[in-house]
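# Results of the structural survey
So you can see what is in the structure, the chains are spelled out below.
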Amino acid sequence: MSYLGENGLFSFRDGYCEVLPDKKLDTASAADFGRKISVHFKRFAIGCGRENLRHIVYSLCAGIAECGKDVFLCENTEIPPFKYGFPLTGADCGIFVAENRIFFFGKRGFPVNSEKLTSVMAQQKAADSEKCGRIIHVSSFERIYLNSITDEPDKSGLPLSAGISCGNRGIRKLWHEIFSDEDDSLIFQISDTGERVNAYSTEHGFISFDRLILAYSIMNLKAGQDILWLPDKFHFAAERTAAEHGLLLKRFDADKEIPEEASEQRFLTDCLYMCAGLASDREKFFSILNSVPKITSAKRDIACPENCCVPLDKPVLEPEGRVFITRSGKNRLSLIAQAYDTETAAELCAQWNEKLRILSSCSRPERN
C-alpha cells in the first residue's frame, strides 16, 4: 500500500492508518481523532471484532457524535460482513477498528481514496457543532452477509467441499458457514482480514489471488456481459487472458471514483463470495484454470531515503514482467514484480532491489 504520511499518532497508507511504533492509541486520542474525522463525512458506521478494543471504538464514536454526526456502531463483526452491510445504514464512511490499525471504506466496499485520507491526516481541529449526533447500535451484519451468498441458486448444495486455512478465528467461522473444511484437494488460504485469498489444489498446485479473480471473471460473468473491469495495478496478463475468452478488459484507478460497472463486480471486494462461486462448480473452475496462465507476483520492502528519486506508482515494463514501486513508509519502498511464474517474479524483485539500492546510495547526502 502506498504511504501517504504521518500526523504524529498514525502513519497513513491507502485505505487505512496505523499507530506509529512509539505511540499508543488511548481513549483520549481516539476521541480526538473521531472529532477530526467528523469533518470529512456526513454519516459513519464503525465496526470491530475484538472485545479488547471496545474502549477505543466507544471513544471514537463519542468524538464523532460530539461534532453532530450520527454513528452506527457494530461491535461484533469482521471486515467482510461489515463492508457488505454498513452501506445499508446510509453511512458514506465505514470505519473498521483492528489492532493498531483503522480501516476506512467507501460505500462500494473499496478503500477510501488517498485524497480523502490525506485530508483526514492533515485535519488539525474538529468542526464546531451546536447539537450532538446519535450513536445507533447495530447487533451484527453477519447473517445478512451470509444470506446474500447462500440464497443464490447455485449454493443449494452447502456446505461446499473445500478446506479452509486462516489465522483469524472470526474469519474462519464465516467461511465454515459455506465450506465443509473436510477436503484437502482444494484449500483456500485466507488473510487475517479476510480481504485476500490464495488457493492450493492437488491438481493445479498454488493458485494466486489474481488467478482466482481471473478464473471467476471468466466463469461467472453474466450472459451477454462481455466487459470485465479490473484495477489498473492488476496483473498485466489479464488483457491477453480476457481477450482469449472474448472479454473486453477495462482498467480503472481504484484510488479515484470507482465506475459503477466495476463496483457491481462483487468478487473484486469479497473473497468469500468469489470462492463460493468458484467451488460451487469445481469441474468448471478447474477447466477454466487450465486456460488461465500461472500468473504470480513477488513483493519486497526495502530501506530507502525519503528523498530518493525513483519512479513511484507507475508501471515499469520489463521483457518478462512488470514492476511497481510505491512508498511504504517514511524511509521504505515497496517493490512488486509481476510475472508469469514465481521464479521470474523473484528474479525481477532481486534485480530491482539492486537497482534501488544503488539509487538509494546515490540519493544520500555526502558526509564531510
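Values in this document were obtained by computation on a predicted structure and should not be read as measured data. (Residues numbered from 1 in each chain as written. Predicted model: local features only at pLDDT ≥ 70, side-chain atom pairs only at ≥ 80, totals over all residues. Heavy atoms only, no water.)

Our focus in this paragraph is the packing of helix α5 (residues 142–150) against helix α10 (residues 271–279). Running from N to C, α5 and α10 cross one another at 25 degrees; their axes reach a closest spacing of 10 Å. When the axes of α5 and α10 are compared, the pair comes out roughly parallel. In the crossing of α5 with α10, the sense of the turn from one axis to the other is right-handed. Across from Tyr145, Leu146 and Ile149 in α5, the residues of α10 making contact are Leu272, Tyr273 and Ala276. Considered class by class, the residues forming the contact of α5 with α10 number six nonpolar, no polar and no charged. (Axes fitted to C-alpha atoms, helices over the stretch in contact; angles between N-to-C directions. Helix = DSSP H or I, 4+ residues; strand = E, 2+ residues; numbered from the N terminus. Parallel < 35°, antiparallel > 145°, perpendicular 65-115°, else oblique. Left-handed = near helix turned anticlockwise from the far one by under 90°. Contact = heavy atoms within 4.5 Å. Nonpolar A, V, L, I, M, F, W, Y, C, P; charged D, E, K, R; others polar.)

Here the focus is helix α11 (residues 282–289). Buried within α11 are the following residues: Phe285, Phe286, Ile288 and Leu289. The arc that holds every buried residue of α11, seen down its axis, measures 160 degrees, which confines them to one face. (Buried < 20%, exposed > 50% of the residue type's maximum accessible area, 1.4 Å probe, protein only. Arc of directions from axis to C-beta.)

This brings us to a nonpolar patch on the surface. Together, Tyr84, Leu88 and Ile144 line one region of the surface with nonpolar side chains, adding up to about 290 Å² of accessible area. If you trace the backbone, Tyr84 turns up in helix α3 (residues 79–85). Exposure remark for Tyr84: the relative accessible area of 32% places this residue in the partly exposed category. (Patch = residues over 30% accessible without salt bridge, like charges linked within 9 Å, V, L, I, M, F, W, Y side chains within 5 Å. Areas by Shrake-Rupley, 256 points an atom, 1.4 Å probe, with all protein chains shown as cover. Salt bridge = Lys/Arg side-chain N within 4 Å of Asp/Glu carboxyl O.)

If you walk through the whole model with that rule in mind, you get 18 salt bridges. One salt bridge in this structure joins Asp32 and Lys36, with 3.2 Å as the shortest N-O distance. A residue pair is termed a helical-turn pair when its members lie 3 or 4 positions apart in one helix, as Asp32 and Lys36 do in helix α1 (residues 27–37) at four residues. The class of Asp32 is partly exposed, set by a relative accessible area of 31%. Between Glu239 and Arg251 there is a salt bridge, with its nearest N and O atoms 2.8 Å apart. With Glu239 in helix α8 (residues 238–244) and Arg251 in strand β14 (residues 248–252), the pair connects residues that are twelve residues apart, well separated along the chain. Residue Arg251 is classed as partly exposed on the basis of its relative accessible area of 24%.

Turning our attention to the sheet that holds strand β1 (residues 3–6). As summarised here, the arrangement of the eight strands in space is β1-β2-β3-β7-β6-β4-β5-β8, forming an open sheet in which the pairing is mixed. Each having just a single partner strand, β1 and β8 (135–137) make up the two edges of the open sheet. On average, adjacent strands in this sheet sit at an angle of 20 degrees to one another, irrespective of strand direction. Pairing of β1 with strand β2 (residues 10–13), which is carried by three bridges, proceeds in the antiparallel orientation. Paired with Glu6 across the two strands is Ser11, which belongs to β2. Together, β1, β2, β3 (16–19) and β7 (101–105) form the strand contacts of helix α4 (residues 114–122), whose direction differs from that of β1 by roughly 10 degrees. (Pairing = 2+ DSSP bridges.)

So, about the side chain of Ser59. Within the secondary structure, Ser59 sits in helix α2 (residues 54–66). The class for Ser59 is buried, based on a relative accessible area of 12%. Leaving out residues up to four positions away in the same chain, Ser59 has contacts with Thr27, Ala30 and Ala31.

We now examine the sheet that holds strand β12 (residues 205–207). If you walk across this open sheet you meet the four strands as β9-β10-β11-β12, and the pairing is mixed. The strands lining the two open edges of the sheet, one partner per strand, are β9 (163–165) and β12. Across the sheet, the mean angle from the axis of one strand to that of its neighbour is 20 degrees, orientation sign disregarded. Across three bridges, strand β11 (residues 197–201) lies against β12 in antiparallel orientation. What sits directly across from Ala199, in β12, is Ile207. Contacts between helix α6 (residues 169–176) and the sheet are confined to β9, β10 (186–190) and β11, with β10 contributing the most and set at about 145 degrees to the helix.

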